[in-house]
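Results of the structural survey
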Amino acid sequence: MGFPRELRLQINIVRRVADEVAAEKKTKFNYLVGTMIEVPRAALVTDEIARDAQFFSFGTNDLTQTTLGMSRDDSGSFLPAYAELDIVETNPFASIDQKGVGKLMEMTRDLGRKTRPDIKLGICGEHGGEPNSVKFCHRLGLDYVSCSPFRIPIARLAAAQAALAK
């Protein structure tokens, strides 16, 4: 979502349905409503989106594609040459491009926390299980990383190493 009103409309639906379910089941439950930050426009207006969102989860796969203007599906045809010519240090679809996408994430964190200091921030995507990306997220002060199940041991080890290094 790149438009604050779009999120507000979705939050209204989520809350209405949650209230209906709580009434039907005669129970109460706590939940957070937030959004994925997957496109640069969303990152640029994070201060506005944070008025309504209780959390942001960086969708790093899509954020990388949209920030770099590169298709992950096509990257195999040109990334080896980019690496050979020292255009990229690492595959940005495997490890967060800290100078580009990472700077956008840092700006998003700052704008979001300026509006909502207690906002929860995390990432989801393949980067969530890559050690350098996990360590970068720790340095940014993110609250969580999400990754595919087979990457959890690597992510936990990287998170522990990042915590110990601090």
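It should be noted that the structure appears before, not after, this text.
Rules of the game
- Residues numbered from 1 in each chain as written.
- Predicted model: local features only at pLDDT ≥ 70, side-chain atom pairs only at ≥ 80, totals over all residues.
- Heavy atoms only, no water.
- Pairing = 2+ DSSP bridges.
- Helix = DSSP H or I, 4+ residues; strand = E, 2+ residues; numbered from the N terminus.
- Axes fitted to C-alpha atoms, helices over the stretch in contact; angles between N-to-C directions.
- Contact = heavy atoms within 4.5 Å.
- 1 Å grid on protein atoms, 1.4 Å probe; cavity = no way out; pocket = protein on both sides within 12 Å on 5 of 7 lines; lining within 4 Å.
- Points joined across faces, edges and corners; volume = space filled by probe spheres on them.
- Nonpolar A, V, L, I, M, F, W, Y, C, P; charged D, E, K, R; others polar.

1. Here's the deal with the sheet that holds strand 4 (residues 144–146)
- An order of 1-2-3-4 is seen for the 4 strands of this open sheet, with the pairing classed as parallel. The sheet is open, and its two edges are formed by strand 1 (35–37) and strand 4, each paired on a single side. For this sheet, the mean inter-axis angle between neighbouring strands, taken without regard to orientation, is 30°.
- In terms of strand pairing, strand 3 (residues 120–124) meets strand 4 through 3 bridges, oriented parallel. Residue pairing in the sheet places C124 in a bridge with S146 of strand 4.
- Strands in contact with helix 4 (residues 60–68) are strand 1, strand 2 (55–59) and strand 3; relative to strand 2, the strand with the most contacts, it is inclined by about 65°.

2. Let's talk about the layout of surface pockets
- The space that makes up the largest pocket amounts to roughly 320 Å³.
- E89, T90, I96, D97 and Q98 are the residues nearest the centre of the largest pocket, which is lined by 14 residues in total.
- When grouped by side-chain class, the residues that make up the lining of the largest pocket number 6 nonpolar, 5 polar and 3 charged.
- One number sums up the size of the second largest pocket: a volume of about 170 Å³.

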